[in-house]
Every structure is written in C-alpha cells, then in structure tokens.
Amino acid sequence: MVLKAPKKIEIEEEKVDQTYKIIAENLHKTYLLGKTAVAALRGVNVNIKEAEFVGLYGPSGSGKTTLLNLIGGLDYPTRGKIYLDGINMAKLDDNELADLRRDHIGYVFQFYNLLPLLTALENVMIPLHFQAKLSRRGKTRKAMELLRLVKLDERANHTPSELSGGEQQRVAIARAFSNDPSIVILDEPTGDLDSKTGIEILNLLRDLNRKGATFVTATHDGAVSEYCNRVLHLRDGKVVSGLQAEGLKETSVQRKTRLEHQQKDKEIAKEKIMKIIEGRDKVSIERLRAGIPSEVMENLPLHFDDIIQEMIDEELFIGNLDRGVLYIVKNKK
Ligand SMILES: Nc1ncnc2c1ncn2[C@@H]1O[C@H](COP(=O)(O)OP(=O)(O)OP(=O)(O)O)[C@@H](O)[C@H]1O
Ligand SMILES: [Mg+2]
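What counts as what
Every residue gets a number counted from 1 within its own chain, in the order that chain's sequence is written. Chain letters and ligand numbers both follow the written order, the letters beginning at A and the numbers at 1. Owing to the predicted nature of the model, reporting of local features is limited to residues with pLDDT of at least 70; listing and counting of side-chain atom pairs is limited to 80 or more, with chain, interface and lining totals taken over all residues. Numbering of helices and strands starts at the N terminus; helices are DSSP runs of H or I of at least 4 residues and strands are runs of E of at least 2. By definition, residues are in contact whenever their C-beta atoms, placed on the basis of the backbone, come within 7 Å of each other. Should the C-beta atom of a residue, placed from the backbone, lie within 6 Å of a molecule or strand, that residue is near it. Only Asp, Glu, Lys and Arg are considered charged in this grouping, and only Ala, Val, Leu, Ile, Met, Phe, Trp, Tyr, Cys and Pro are considered nonpolar; every other residue, Gly among them, is considered polar. For this entry, the nonpolar core is defined as buried Ala, Val, Leu, Ile, Met, Phe, Trp, Tyr and Cys residues connected by C-beta atoms within 7 Å. Buried means a residue has 20 or more other C-beta atoms within 10 Å of its own C-beta, exposed means 12 or fewer, and partly exposed covers the counts in between; C-beta atoms are placed from the backbone. Should DSSP find at least two bridges between two strands, the strands are regarded as paired. Only the stretch in contact is used when fitting a helix axis, every axis being a line fitted to C-alpha atoms; angles between N-to-C directions are given from 0 to 180 degrees. Working definition: roughly parallel below 35 degrees, roughly antiparallel above 145 degrees, roughly perpendicular at 65 to 115 degrees, and oblique for all remaining angles. If you view the pair so one helix is near and one far, a crossing is left-handed when the near helix is turned anticlockwise from the far one by less than a right angle, and right-handed when it is turned clockwise.

Draft legend 1. Just the overall build of the chain, in detail. On a plain count of helices and strands, the chain comes out with ten helices and 13 strands. The contacts of the chain with a sequence gap of at least 6 include a subset with a gap of at least 24, amounting to 68%.

Below, the structure is given as structure tokens:
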C-alpha cells in the first residue's frame, strides 16, 4: 500500500523549496466577529517535511484548528503565505482550492464525520468516486485494502452505528487515505475517545507514519508527543516552541528522507557561504552563520566548522579556518 503517491499537480508551481510538504510563512488569521477582530494566528512560521508526524499542542483557543484549517486548505490566511508541495494555497481561487483538497489532502476530525446510512466500505469509497481512472471494482478493492490497513476489513459492511467510536475513527482514517493524500490533517482525532482507545488510534497513526504518511494533528492530549516526531506548542496564535520528540526510533523511510533533507540543506548552506565570501579575504564564522536561514542551520548534518572545512577540502575555495575567522586566500569563482 502506497501512502504517499507522488502526483502531478496541474496548477503552476512556484519556485519554492520542494523539500517541504508544507511551508507557512508569517501566517496571520484574523476572524471578524461583528465589529470585533479576533487575531487567531499572529505570525506563524512552520515547515513540515515528508513523512513527519507533527503535533499541534496548546490550550483551547490558541489557534490549533485555525492553523490546521490553513494547512488543509479549508480557509485562507488573512496575511502570509502557505505552500503545499510548492503551491501557494493563498493564491488559489475557491475552485482550485477545492480541487487541491479533493486530490491532495486527507482529513480526520474529532467526531469521525461518517455518513450514517453508508457502510464502512461505502464511506471509504466516497472520495474514490472522484477518481475517474478506477473502475467500480478497482474502487471496491482499494477501499477494502484501506480498511485492511486500519484492521477493520472484517467490519466492512457495518454502518457507523454498529461500530465503536475507535472503529469509526479507523474508518475515517482509511477514508482520509483514499485519495493518496500528500498530507493528512487531523483535528483532535482522539478527543471523543477514552484514553485506551485514543492510544490505539495513536499507535495506528504511528504505524501509518512509519509507512511514509505525513500527518499534522491538533490535540489536547499530552500523550501525543510520544507518537509524533515533533510537537509545536501554540500560545495565543503563535508557535512558542517546536520540540523534537525524544526516544522515537526512526524508520528506514524516515531516515532516508531525513538524510536527503540534510544533504540538501548542506548544499544550501554552502551556496550561501560562497556568496558571502565572494570578494572578501576574511570573514568571521559568526557572520557566516548569520547568513544561513535558521531552518537550514538547525538541520545541518555536520558541525558548521566542519562544513567549511569540507568546502576547503573540496577546493571550492582556498582558505583556512583559524579561531573563529575564515581567511580566504583564493576564491576560485
Ligand atoms: N470562525 C470563527 N470566527 C470567529 N472567531 C473564531 C472562529 N474560529 C476560531 N475563532 C477564534 O480564534 C481563536 C483560535 O481558535 P481555534 O479554534 O483555532 O483554537 P483551538 O486551539 O483549536 O482551540 P480548541 O482547543 O478549543 O479546539 C479563538 O479565540 C477562537 O475563539
Ligand atoms: Mg480546535
């Protein structure tokens, strides 16, 4: 089962860093309640990479749902940019955004949102009806495969009222994958479940993430940090910290993706360094560091000094590093 089929997006893509599934730049969202303006998001910057499982954690009203809705193309930001796979969603019109949601994003909500008169299988099949390429039989087969993925294939013919809350949420998760989404957003997916069932759902999400799925989930549940790769803490519409979850064993898919990203960030750092040293005969390491975007800096696979040494070894320029200062003898360019 492929959980992240690469797809051709028809809309013209902007030239942004394709390493990231989501890039949010200085996002603001202000709701108007009559004459009162409610600033729900106040300058959020977030990057989400492929195969990440990111938790949005914070008190009620901190902006989790608002941010999730922007990531999921369910609403427009008041200010700022939000890219999905390089597409600036803020620039799409309503129809384009609807197409993007249908083809590229999966959704899971607190109260499952299944259609009560349809069976589990039929619920999972709903988004498949938009896939013209699949035959009726192909759609049924795919929906069964998704139900198997969430270990519910034996209940395929049951309607939601015949399923427990946890089982209904499994159906909703299977449905979220039926369009081979680029990213799945989840708003309080365990909010309506008892803690044991909630943990079962989190375990399932972790398994799917290890198979390559990219998740962003809003949650009140502190336990979620044990399942995510990263938790962003929100307060009053701002991200106040983005912890890297400890103790999670990295899967081979995640490792490969991480190494690719790190390699790319190293190349970006080297390019920036080359630009800064152009025409100079010495420059402090601090000056060089300051010229590298912080998200690139955080992601480098080597110590910064070692990257400079590597550039010298690769003869990108001739120079030497001495007590925090880089002396450039000859810049090859
Ligand atoms: N449609 C809306 N119209 C007006 N204000 C809104 C709207 N949606 C959210 N808000 C306000 O924006 C702020 C952020 O709300 P949001 O729903 O994003 O918070 P949340 O972190 O998801 O909270 P919870 O944990 O309760 O779900 C709150 O002050 C809320 O009252
Ligand atoms: Mg919410």
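Draft legend 2. Examining the site of ligand 1 more closely. The local shell around ligand 1 holds 14 residues, among which Tyr31, Ala40, Ser60, Thr65 and Thr66 are the closest. Mapped by element, the contributors of at least two residues to the shell around ligand 1 are strand E1 (20-33), strand E2 (36-49) and helix H1 (64-71). Looking at the shell around ligand 1, its residues break down into five nonpolar, eight polar and one charged.

Draft legend 3. Spatial organisation of the nonpolar core. Formed by 63 residues in total, the largest nonpolar core has its most connected members in Ile22, Val124, Leu147, Ala174 and Val216. When near neighbours in sequence (up to four residues on either side) are disregarded, isoleucine 22 contacts Val46, Asn47, Ile48, Ile71, Tyr83, Leu84 and Ile183. Among the nonpolar cores identified, the runner-up in size contains six residues, and Ala269, Ile273, Ile277 and Ile308 belong to it.

Draft legend 4. Expanded view of the pairing of strand E3 (residues 53-57). In terms of burial, E3 is a largely internal element, five of the five residues being buried. Inspection of the sheet shows E3 paired to strand E8 (residues 215-219) by five bridges, in the parallel sense. Across the sheet, the residue bridging to glycine 55 is threonine 217, located in E8.

Draft legend 5. Just the packing of helix H5 (residues 165-176) against helix H6 (residues 195-210), in detail. In contact at an axis separation of 10 Å, H5 and H6 are set at 20 degrees when each is read in the N-to-C sense. One finds that H5 runs roughly parallel with respect to H6. Two packed elements cross with a definite hand, and for H5 against H6 that hand is right-handed. On the side of H5, the interface is formed by Gly165, Gly166, Gln169, Arg170 and Ile173, while H6 contributes Thr197, Glu200, Ile201 and Leu204.

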